[in-house]
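Tertiary structure, described
Residue strings, one per chain:
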Amino acid sequence: MSRKVLITGIGGQDGYFLAKLLLNKGCKVHGLIREKPSNGIGSLAHLEESQQSQLILHESNISNKGFIDELVAEKQFDDIYHLAAQSSVARSIQHPRETIETNILGLTNIATSIRDRSPQTRLLFTGSSEMFGDITSGKQSESTPTQPQSPYGLTKEFGYQLVRTYREHYGLWAATAILFNHESEFRGQQFVTKKIVRSVVRIAAGFDDVLSLGNIYAKRDWGYAGDYMDGVIRVMERNEPDDYVFATGKLRSVKDFVNTTFSHVGIDLDWFGDGIDEIALNRSSQNLVVKIDKHFYRPGDIKGTCGDASKAKLLLGWQPRTNLSSIISKMISQEQDTTLP
Ligand code: GDR
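First, a word on what this report is: a plain description of the structure on this page.

Scoring rules and cut-offs
Residues numbered from 1 in each chain as written. Predicted model: local features only at pLDDT ≥ 70, side-chain atom pairs only at ≥ 80, totals over all residues. Heavy atoms only, no water. Pairing = 2+ DSSP bridges. Helix = DSSP H or I, 4+ residues; strand = E, 2+ residues; numbered from the N terminus. Axes fitted to C-alpha atoms, helices over the stretch in contact; angles between N-to-C directions. Contact = heavy atoms within 4.5 Å. Expected span 1.5 Å × (residues − 1). Buried < 20%, exposed > 50% of the residue type's maximum accessible area, 1.4 Å probe, protein only. 1 Å grid on protein atoms, 1.4 Å probe; cavity = no way out; pocket = protein on both sides within 12 Å on 5 of 7 lines; lining within 4 Å. Points joined across faces, edges and corners; volume = space filled by probe spheres on them. Nonpolar A, V, L, I, M, F, W, Y, C, P; charged D, E, K, R; others polar. Near = heavy atom within 4 Å. Areas by Shrake-Rupley, 256 points an atom, 1.4 Å probe, with all protein chains shown as cover.

Some words on the sheet that holds strand β3 (residues 56–59)
Spatial strand order, β3-β2-β1-β4-β5-β6-β11: seven strands in an open sheet with parallel pairing. Each edge of the sheet is formed by a strand with only one pairing partner; in this case those strands are β3 and β11 (244–246). Direction aside, the axes of adjacent strands within the sheet are offset by 20 degrees on average. Sheet analysis places strand β1 (residues 4–8) next to strand β2 (residues 28–33), joined by five bridges and oriented parallel. Pairing of L6 across the sheet is with H30, part of β2. Strand contacts of helix α6 (residues 151–169): β5 (122–128) and β6 (174–179), with the helix running at about 150 degrees to β5, the strand carrying the most contacts.

A few points about helix α1 (residues 13–24)
For α1, which comprises twelve residues, the first-to-last C-alpha distance of 17 Å matches the rise-based estimate of 16 Å (1.5 Å per residue) to within 8%. For α1, a buried count of nine out of twelve residues is recorded, marking the element as mostly surrounded by other parts of the structure. Inspection of α1 places Q13, D14, G15, Y16, F17, L18, A19, L22 and L23 among the buried residues, and these make up the whole buried set. Looking one or two residues beyond α1, the residue adopting positive phi is G26, at roughly 85 degrees.

Some points on the environment of V258
Relative to the helices and strands, V258 is located in helix α9 (residues 254–264). Considered as a pair, V258 and F246 are twelve residues apart in the sequence and their alpha carbons are 24 Å apart. Ignoring sequence-local partners within four residues, the contact set of V258 consists of I196, L213, L269, W271 and V290.

So, empty space enclosed by the protein
According to the stated counting rule, one finds two cavities of 30 Å³ or more in the structure shown. Volume-wise, the largest cavity comes out at about 50 Å³. Looking at the lining of the largest cavity, the elements with two or more residues in it are α5 (96–117) and α6. Broken down by element, the residue count for the lining of the largest cavity peaks at three residues, all from α6. When grouped by side-chain class, the residues that make up the lining of the largest cavity number four nonpolar, four polar and one charged. If you add up the space inside the second largest cavity, you get close to 30 Å³.

Description of the site of the ligand
Around the ligand there are 22 residues in total, and S87, S128, Y152, R187 and K195 lie nearest to it. Across the complex, the protein chains shield 96% of the 710 Å² of accessible surface that the ligand would expose by itself. Class assignment of the residues belonging to the shell around the ligand gives a composition of ten nonpolar, seven polar and five charged.

Structure follows, in structure tokens:
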């Protein structure tokens with residue numbers, strides 16, 4: 001029987017992949033979206049028209065408890081995927097209150113609506129590796145102690161604990177997918193991978209000169225959003241609710257990402273200098289193409305984060321399929337198609 005699902009935050013990168021996968025499985029997909037832009041619904045505009053027309057969209061802010069209560073009570077969803085969040089770590093440092101309202105109140109609204117009005121509904125919360133803070137020893141797994149370093153990370157730790165509490169003490173089917181960085185051709189521009197790809201494509205085409213970045217020695221475990229949303233569905237499909245890490249287990253620096261992206265468009269770089277004076281030149285033209293801008297540094301930035309997805313592999317049969325080079329290729333193609341004049 002086809003399941004009736006709700007995806008909150010359906011308009012973002014992950015919403016696109018999740019909606020597509022669930023529609024392909026024959027689910028009846030409802031989406032909660034903050035507001036419908038006139039030029040299509042964010043990443044959903046990239047779905048095939050036949051799929052777009054099957055979506056049932058509800059427009060509301062996640063912090064509107066009355067609306068969420070009514071929706072959950074009326075529809076009696078089989079599954080709710082709670083993706084809606086203020087997802088930028090950098091923004092959470094500038095705007096902690098907005099981040100707390102969206103992330104903490106949003107999840108609390110959804111979870112209590114389910115508990116009080118539709119207790120058979122399954123709840124999947126997309127958590128984050130940010131709740132672990134810096135890597136100390138080995139890779140980070142479900143048993144790694146949490147030590148967040150940003151308001152965003154704190155809200156994701158709260159969400160993880162709330163979901164566990166509702167599962168263990170209030171009898172809800174509730175699970176957290178602890179997602180490490182996941183990128184794609186539909187990534188938002190506030191994130192470093194998209195910023196790098198956009199700038200490299202424009203520099204290669206002669207429309208931009210220089211890419212300005214913050215800490216290029218930060219290291220991340222970057223996977224593909226489509227692979228991670230496949231994992232999230234596997235969590236929901238298991239009878240036992242539980243928490244799972246999704247990661248590639250490979251650690252790379254922002255600087256590695258910059259070098260690889262430039263090499264994809266045929267530009268080799270030579271690096272010079274240290275700290276905020278570090279720069280990169282285009283080896284063949286000798287033009288300055290990368291510089292450091294201390295404005296993009298973050299207090300409490302996580303130096304490195306790398307996940308161990310053994311549990312997801314063992315119990316869900318999940319593994320990442322798309323390597324970083326393929327992710328960068330997809331991002332470059334999308335950028336060339338959409339932003340070049
Ligand atoms: P992150 O992603 O904070 O890891 O959170 P982001 O891409 O913003 O930063 C990654 C690293 O790059 C460094 N950096 C810069 N970052 C941005 N945005 N812009 C810059 O110019 C820049 N220069 C260097 C950052 O300091 C950082 O170390 C992502 C989000 O998707 C979260 O929602 C998710 O939960 C976590 O990943 C897992």
